[in-house]
Amino acid sequence: MANELTALPEFTRCLFKHAYLFLPWFCRTCNDYRFKVNDVSNAVDFVEALKKDKTLFFGSSPELAKANRKLLRFYDAAKPKSKNPDSNSDAIHYLRRAWFHAWKNRHVFGLRGHEVRLMKFFHEIYVLGKAQHLADLQCMARLIDQDVVRLARSIYLPGGWTPSRAVIKANAELRKLETALFNGKEPTPELCNQVRRRKAKTYARFQKLMRDRKEAARQRITEIFDEQEWFPIVKSATLYEHLREEGLDDLLPSTFRGRVGVQPTGYPLTFYTYAGLELDSPPINEVTMNPNYGTEEPDKDYKIHPVTDGTFYCETKAVVGDSKTKHYTLEYKRRARRLKYDSVEKLEQVIDQVRAKLIEHLQSDHRDTWVRALMCLLIDKYCARIGNEASAKREDKKTYGITTLRNSKHVQLKKEYIIIEYSGKHCQPQRHALPIYRTSQEQKDHPLETLISNRLIELILEKRRYLFTRTDRKQYTPQMVNDYFTASIEPNAEANLPYGGAGSPCTVHNMRNFHATRLFRQYSEKFLHRKPNPTYEEVLIAYQGRNKTKSHRGHPGVLSIVARMLGNTPSICRKSYIDPREQLLFFQRWNFRPPDCIIRDLFVQEDEDTYGLRRVIRGEQKRARELAKQSI
């Protein structure tokens, strides 16, 4: 396989392995193709073996019964060793009909992402008589195994086309266009914008050629891996020498030190450490290696990240702007995520005690104590962000949180409400409306809200620059709030905590994770009781929603509901706020495969129990079956 996130599960790997085993013989025998095959005897031997075993690789689903019947008729009619071109016409017809019925009922396979592409390409080859994606099939053969790679590469593409020739042609045309557009200058984003306005058609041609070159480069890099028999990964320095000869060295930063593998989709390469641990994203611009990788780092900030394999592996600078991205291993990210949500789970068990302590501190006479308690209660009640000074001081796209709120800019004191409005992370607008209760009966009915609003009014009337400040008029930092939130409830005058801290098992940052996971779990339970035996489509719609069409009403999914509560996007909520275990359970309690976005964003290995859920899933599947019986 190229990397673990594009690995195929056992069933689909078996399905596509058989598709590849038939491919050379089919391309040589079918009247639509008659392609030259380098290793004919090997291709024929595989078909003979399949004819003897009569494997029904489409599966046992009743919806695929027609496909399996046609497949059996193919086995009976096939004469792989025959040299008469017409002797296999009936066999070719039956194989095509088998794939036609398999494509028609492809929803049974539960395909995702690159699996859908494979199914589409094989449908084109076997049913439609089109071979425009044969080169893609040759590249994606690495997802199966080495035997399949050799078979796929034995087919000569029509017209003598090769990825190498396509790269040489694209590089030559690109050089001419770059000279015409940029006059030898470096094509910076600013220069590209100027050229796009002045020479729109030429620049559009340049962009299309860049896309074509990237696709040809991906196919050529895969071909190099297959030619050199690098499986699955190789040292980056070794590959760089080959790419420099091919004029593709811009796809692999020369400063990266580690190993690389082929990516069947997206960016051509997957990056690894020397030890073979895959990185979470490709470092592709101005790579700086971290010399401290592999050494234990102090767990100083949030006390939730793993330290056993050190810190980030390398760092890259953004193509535009000065921001930098740190690249971690998938193993590191998984452990960090598990540790984070383990601490969130502990918070769920003691949340009532933590809230009681915050309310108690809100009524204290020690300013630094009640101000920090107020900030934590606002974060808890409104899922507000903690904020940081660096984000608030950016030149553009400033973002804010509780610790960086300005009195005059973000807060409005109205007759019935305190309105707090600001731009949160990713420039998502945030708005919190806190009611002001003036009558004694209202205050009696809403004691906590009254306490919060009274303390807020007290801070607003001070008219300091920042809404939340210390006794010495200085601003709070997120670390100060976290120190209070996670501190023991025992008094500690030396730490400026005469009444102690809130005693939380995790940081105040994780309150948003707690609420997002809580809401997701509540929705899951309601859906389970409302639909004890749902279809995959119903589960998918409940998860990610459905847009309104002429034939269907729009339906918000649980991701949209959580995103609305947090003031963020559904994709960010999926990646960063909702416990991966709850998301996986949402699908696997009915034995459905999670969608591709979960596999990609949560770094899930399907063949392994990434988040330790097998025992929980068995119990949930049993409960779902019992509920389904009761509903009947």
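Draft legend 1. Representation of helix α13 (residues 367–382). Its 16 residues place the ends of α13 22 Å apart at the C-alpha level, agreeing with the 22 Å of an ideal helix rising 1.5 Å per residue. Two residues or fewer past α13, C383 is found with a positive phi of approximately 55°.

Draft legend 2. Seen up close, the sheet that holds strand β5 (residues 314–317). Pairing is antiparallel in the open sheet, where three strands are placed in the order β4-β5-β6. Of all the strands in the sheet, the pair left with one neighbour each is β4 (287–289) and β6 (324–327). Ignoring which end each strand starts from, the neighbouring axes of this sheet average 25° apart. As judged from the four bridges shared by β5 and β6, these two strands associate in the antiparallel manner. Note on β6: the bridge partner recorded for C314 is H327.

Draft legend 3. View of the pattern of salt bridges. Counting across every chain of the model gives 42 salt bridges. Two residues, R581 and D342, come together in a salt bridge whose shortest N-O distance is 2.9 Å. With R581 in helix α23 (residues 580–588) and D342 in helix α12 (residues 330–362), this pair connects stretches of sequence that are 239 residues apart. Among the residues examined, R581 registers a relative accessible area of 14% and is labelled buried. A relative accessible area of 29% means that D342 is categorised as partly exposed. The salt bridge partner of R431 is E421, with a shortest N-O separation of 3.2 Å. Of the two residues, R431 sits in strand β9 (residues 429–435) while E421 sits in strand β8 (residues 417–423), which places them ten residues apart along the sequence. One network of salt bridges, with partners in common, ties together R112, E115, R593 and E606.

Draft legend 4. Expanded view of the environment of E115. Within the secondary structure layout, E115 lies in helix α5 (residues 114–128). Here E115 falls in the buried class, since its relative accessible area comes to 1%. Residues E115 and P595 lie 480 residues apart in sequence; the distance between their C-alpha atoms is 12 Å. Non-local contacts of E115, meaning those with residues more than four positions away in its chain, are made with L8, P9, T12, F16, G110 and R593.

Draft legend 5. Just the nonpolar core, in detail. One finds Y20, L23, F58, F74, W99, F122 and Y126 to be the most contacted residues of the largest nonpolar core, which totals 56 residues. Breaking this core down by element, the ones donating at least two residues are α1 (10–29), α2 (40–53), α3 (65–77), α4 (89–104), α5, α6 (134–140) and α7 (146–153). Examining the composition of this core, we find that ten residues originate from one element, α1, more than from any other. Residues in contact with Y20, not counting those within four places in the same chain, are L118, F122, L137, M140, A141, I144, V148, L151 and A152. Counting 47 residues, the second largest nonpolar core, distinct from the first, contains I351, V371, I402 and L467.

Draft legend 6. View of the pairing of β5. Relative to β5, β4 runs antiparallel, the two sharing three bridges. What sits directly across from M289, in β5, is C314. Here β5 folds back onto β6, and the loop between the two strands holds six residues, one of which, G321, carries a positive phi near 90°.

Draft legend 7. Up close: the side chain of H18. Relative to the assigned elements, H18 resides in helix α1. Taking relative accessible area as the criterion, H18 reaches 10% and is therefore assigned buried. From its side chain, H18 meets the backbone oxygen of C14 in a polar contact 2.8 Å long. Those residues within four positions of H18 in sequence are excluded, and the remaining contacts are L50, T55 and F57.

Draft legend 8. The arrangement of the layout of surface pockets in detail. The computed volume of the second largest pocket comes to approximately 1,200 Å³. Residue lining of the second largest pocket: 28 residues in total, with P187, M210, R213, D250 and V319 positioned closest to the centre. Within the residue set of the lining of the second largest pocket, elements represented by two or more residues are α8 (163–182), α9 (189–198) and α10 (200–228). By residue number, the principal contributor to the lining of the second largest pocket is α10, which donates seven residues. Counted by class, the lining of the second largest pocket contains 13 nonpolar, seven polar and eight charged residues.

Draft legend 9. Summary view of unusual backbone geometry. Cis geometry is adopted by the peptide bond preceding P232, which originates at F231 and carries an omega value of 0°. With respect to the element layout, P232 can be found in the loop between α10 and β1 (233–235). Its identity as a non-glycine residue notwithstanding, R34 has a phi of 55°, on the positive side. Within the secondary structure layout, R34 lies in the loop between α1 and α2. Judged by its relative accessible area of 37%, R34 falls in the partly exposed class. In this model, C383 sits at a positive phi of 55°, which is unusual for a non-glycine residue.

Draft legend 10. Molecular detail of empty space enclosed by the protein. Summed over the entire model, instances satisfying the criterion amount to one cavity of 30 Å³ or more. Estimates place the volume of the largest cavity at around 30 Å³. Taken together, K381, Y382, L434, P435, E449 and I452 form the lining of the largest cavity. Among the secondary structure elements, those contributing two or more residues to the lining of the largest cavity are α13, β9 and α17 (447–462). Looking at the lining of the largest cavity residue by residue, the classes come out as four nonpolar, no polar and two charged.

Criteria and cut-off values
- Residues numbered from 1 in each chain as written.
- Predicted model: local features only at pLDDT ≥ 70, side-chain atom pairs only at ≥ 80, totals over all residues.
- Heavy atoms only, no water.
- Helix = DSSP H or I, 4+ residues; strand = E, 2+ residues; numbered from the N terminus.
- Expected span 1.5 Å × (residues − 1).
- Pairing = 2+ DSSP bridges.
- Axes fitted to C-alpha atoms, helices over the stretch in contact; angles between N-to-C directions.
- Salt bridge = Lys/Arg side-chain N within 4 Å of Asp/Glu carboxyl O.
- Buried < 20%, exposed > 50% of the residue type's maximum accessible area, 1.4 Å probe, protein only.
- Contact = heavy atoms within 4.5 Å.
- Core = buried A, V, L, I, M, F, W, Y, C linked by side-chain atoms within 4.5 Å.
- Polar contact = N/O pair within 3.5 Å; in protein donor to acceptor, adjacent residues only side chain to side chain.
- 1 Å grid on protein atoms, 1.4 Å probe; cavity = no way out; pocket = protein on both sides within 12 Å on 5 of 7 lines; lining within 4 Å.
- Points joined across faces, edges and corners; volume = space filled by probe spheres on them.
- Nonpolar A, V, L, I, M, F, W, Y, C, P; charged D, E, K, R; others polar.

Coordinates in, geometry out; function isn't part of it.
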